[in-house]
Amino acid sequence: MSGGKEQQAARPRWTQTWLGGARAAGADLGRPGERLGLPESGSGAVASYGRRLLALFIDWALSTLVASGLASALDWSAPQRSLWTLVIFGVQAWLLTATIGTTIGKRLCGIRVVRLDGRPVGFIMGFARSLLLVLVVPALIWDRDYRGMHDRASGTAVVNM
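Throughout what follows, the structure given in this document is the object of discussion. Bear in mind the structure is a predicted one, so any value in this text is a computation, not a measurement.

1. Quick look at the packing of helix α4 (residues 78-100) against helix α6 (residues 122-134)
One way to put it is that α4 packs onto α6 with a least axis distance of 8 Å and a crossing angle of 145 degrees. The handedness of the crossing between α4 and α6 comes out as right-handed. In contact with Leu 86, Phe 89, Gly 90, Ala 93, Trp 94, Leu 95, Ala 98 and Thr 99 of α4, α6 contributes Gly 122, Phe 123, Gly 126, Phe 127, Ser 130, Leu 133 and Val 134.

2. Considering the pairing of strand β2 (residues 156-160)
Within β2, five of the five residues are buried, which leaves the element mostly enclosed by the surrounding structure. As defined by bridge partners, strand β1 (residues 111-115) adjoins β2 across five bridges and the pair is classed as antiparallel. Paired with Ile 111 across the two strands is Asn 160, which belongs to β2.

3. Points about the environment of Val 159
Here Val 159 lies in strand β2. Assessed through its relative accessible area of 1%, Val 159 is described here as buried. Among residues more than four places away in sequence, those in contact with Val 159 are Leu 38, Gly 44, Ala 45, Val 46, Ala 47, Gly 110, Ile 111, Arg 112 and Val 114.

4. Focus: the pattern of salt bridges
Side chains that differ in charge, positive against negative, can pair when their charged atoms come close. Scanning the entire structure with this criterion turns up seven salt bridges. Of the charged contacts in the structure, one is a salt bridge between Arg 119 and Asp 117, with a shortest N-O distance of 3.0 Å. A salt bridge links Arg 129 to Asp 151; the shortest N-O distance between them is 2.8 Å. One end of the pair, Arg 129, is in helix α6; the other, Asp 151, is in helix α8 (residues 149-154), and 22 residues separate them in sequence. We note that Arg 129, like Asp 151, is buried. A single salt-bridge network, built from bridges that share partners, covers Arg 35, Asp 143, Asp 145 and Arg 152.

Reading guide: rules and limits
- Residues numbered from 1 in each chain as written.
- Predicted model: local features only at pLDDT ≥ 70, side-chain atom pairs only at ≥ 80, totals over all residues.
- Heavy atoms only, no water.
- Axes fitted to C-alpha atoms, helices over the stretch in contact; angles between N-to-C directions.
- Helix = DSSP H or I, 4+ residues; strand = E, 2+ residues; numbered from the N terminus.
- Left-handed = near helix turned anticlockwise from the far one by under 90°.
- Contact = heavy atoms within 4.5 Å.
- Buried < 20%, exposed > 50% of the residue type's maximum accessible area, 1.4 Å probe, protein only.
- Pairing = 2+ DSSP bridges.
- Salt bridge = Lys/Arg side-chain N within 4 Å of Asp/Glu carboxyl O.

So, to be careful, I would describe these as geometric facts and stop short of saying anything about function.
As structure tokens, this is what we get:
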């Protein structure tokens, strides 16, 4: 009788596997970036959620600052300022990612956007990525390589510098 209880104790409860995700259930998903041929750590490794989120907040804060300055100068209403904050965020993300592979926030956090085929991000893929980013929902759906739908659609990944 005690053998059955010991065996039961060795296995995780169904709530632990469900709440802990696929890894808790024993699935080996590999490390983030492994499928993409990216290194495990250091330069070129997949950037962490924390760095990406901090970079996003920095870029949004800078966009808000610019929009607030324009709103004061041009006497915009609060809804206009909010819309222009989003537009400024999208345009700066597009142009900076397309030309230098990083935004101000990403640069401060030590991360950059790279295309998986090794080519520069460019204006077309940068635009597609930024458009999906400002739609928010695609950026919230991640895969096991920490790539949102905006990264998958543009063939990019966010990596450490």
